[in-house]
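# Per-entry structural report
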Amino acid sequence: MVYAALVETKRLEVAKASGKLNIMWQAPVFAVLGCGDVFTAIGILEFFYDQSPNGMKSMGTALSQLAVAAGSYLNSALLSTVAVATTRGGSPGWIPDNLNEGHLDYFFSMMASLSLVNLVYFLLCSIRFRGNNTAS
């Protein structure tokens, strides 16, 4: 997300100078996020399956997908909240219809900060996690 914020900052500078930035500058962001989604999906599915009791393996698998869906809804709510909160006072906000008038880079920076907080919380939880040692 930090790279995405930097690319967006550069894109805004180029757009203000009436230029165009090659779309391939965004390719690394999509590649990293895509790989992250793949590895996360596999990891979360494996975790929920392994930590579920024997009679509830399919329930664990379903809950893993429910967790991903809840995260998507939370992300949509966050995006809407940021859009509403930043358009007060007549300003175009961070995420207007014309992205050249907004600051999508601020949103990416905020998401990078939230990801860092999430990483710290994950590390704290994973250090304390003992797991189900009897899972088969």
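Look up a bit, the structure's there.
Residues numbered from 1 in each chain as written. Predicted model: local features only at pLDDT ≥ 70, side-chain atom pairs only at ≥ 80, totals over all residues. Heavy atoms only, no water.

## Some words on the overall build of the protein chain
- Counting its regular elements, the protein chain contains four helices and zero strands.
- In the protein chain, the succession of helices and strands from N to C terminus is α-α-α-α.
- The C-alpha atoms of the protein chain give a radius of gyration of 19 Å, which is well past the 14 Å a tight globule of 136 residues would have.
- Along the first, second and third principal axes, the C-alpha set of the protein chain runs to 60 × 35 × 25 Å.
- Burial statistics for the protein chain: of 136 residues in total, 17% are counted as buried.
- Look at the contacts in the protein chain between residues 6 or more apart in sequence, and 51% of them connect residues 24 or more apart. (Helix = DSSP H or I, 4+ residues; strand = E, 2+ residues; numbered from the N terminus. Rg over C-alpha atoms; globule rule 2.2 N^0.38 Å. Buried < 20%, exposed > 50% of the residue type's maximum accessible area, 1.4 Å probe, protein only. Contact = heavy atoms within 4.5 Å.)

## A word on the pattern of salt bridges
- This model, assessed by the stated rule, comprises one salt bridge.
- Between R11 and E8 there is a salt bridge, with its nearest N and O atoms 2.8 Å apart. With R11 and E8 both in helix α1 (residues 2–16) and three residues apart, this pair spans about one turn of that helix. The pair formed by R11 and E8 is uniform in burial state, with each residue classed as buried. (Salt bridge = Lys/Arg side-chain N within 4 Å of Asp/Glu carboxyl O.)

## Some thoughts on the nonpolar core
- Judged by nonpolar contacts, A4, A5, V29, V82, L104, F107, F108 and M111 together constitute the single largest core of eight residues.
- Those elements that place two or more of their residues in this core are α1 and α4 (104–128).
- Not counting chain neighbours up to four residues away, the residues in contact with M111 comprise M1, N75 and L78. (Core = buried A, V, L, I, M, F, W, Y, C linked by side-chain atoms within 4.5 Å.)

## Topic: the layout of surface pockets
- Volume-wise, the largest pocket comes out at about 2,000 Å³.
- What lines the largest pocket is a set of 42 residues, among which D37, T40, M111, S115 and N118 lie closest to the centre.
- At the level of elements, α1, α2 (27–51), α3 (57–86) and α4 are the ones that each hand at least two residues to the lining of the largest pocket.
- Examining the composition of the lining of the largest pocket, we find that 13 residues originate from one element, α2, more than from any other.
- Split into classes, the residues belonging to the lining of the largest pocket amount to 30 nonpolar, nine polar and three charged. (1 Å grid on protein atoms, 1.4 Å probe; cavity = no way out; pocket = protein on both sides within 12 Å on 5 of 7 lines; lining within 4 Å. Points joined across faces, edges and corners; volume = space filled by probe spheres on them. Nonpolar A, V, L, I, M, F, W, Y, C, P; charged D, E, K, R; others polar.)

## Quick notes on α4
- Here α4 spans 36 Å end to end across 25 residues, near enough to the 36 Å set by a 1.5 Å rise per residue.
- Along α4, the residues that are buried comprise L104, D105, F107, F108, M111 and A112.
- Looking at the buried residues of α4, the elements they touch are α1 and α3. (Expected span 1.5 Å × (residues − 1).)

## Some details on a nonpolar patch on the surface
- Side chains of L116, L119, V120, F122, L123, L124 and I127 sit close together on the surface and give an oily, nonpolar patch of about 700 Å² of accessible area.
- Structurally, F122 is set in helix α4.
- Given the relative accessible area of 52%, F122 is considered exposed. (Patch = residues over 30% accessible without salt bridge, like charges linked within 9 Å, V, L, I, M, F, W, Y side chains within 5 Å. Areas by Shrake-Rupley, 256 points an atom, 1.4 Å probe, with all protein chains shown as cover.)

Without other data, these values stay purely geometric and don't point to any function.
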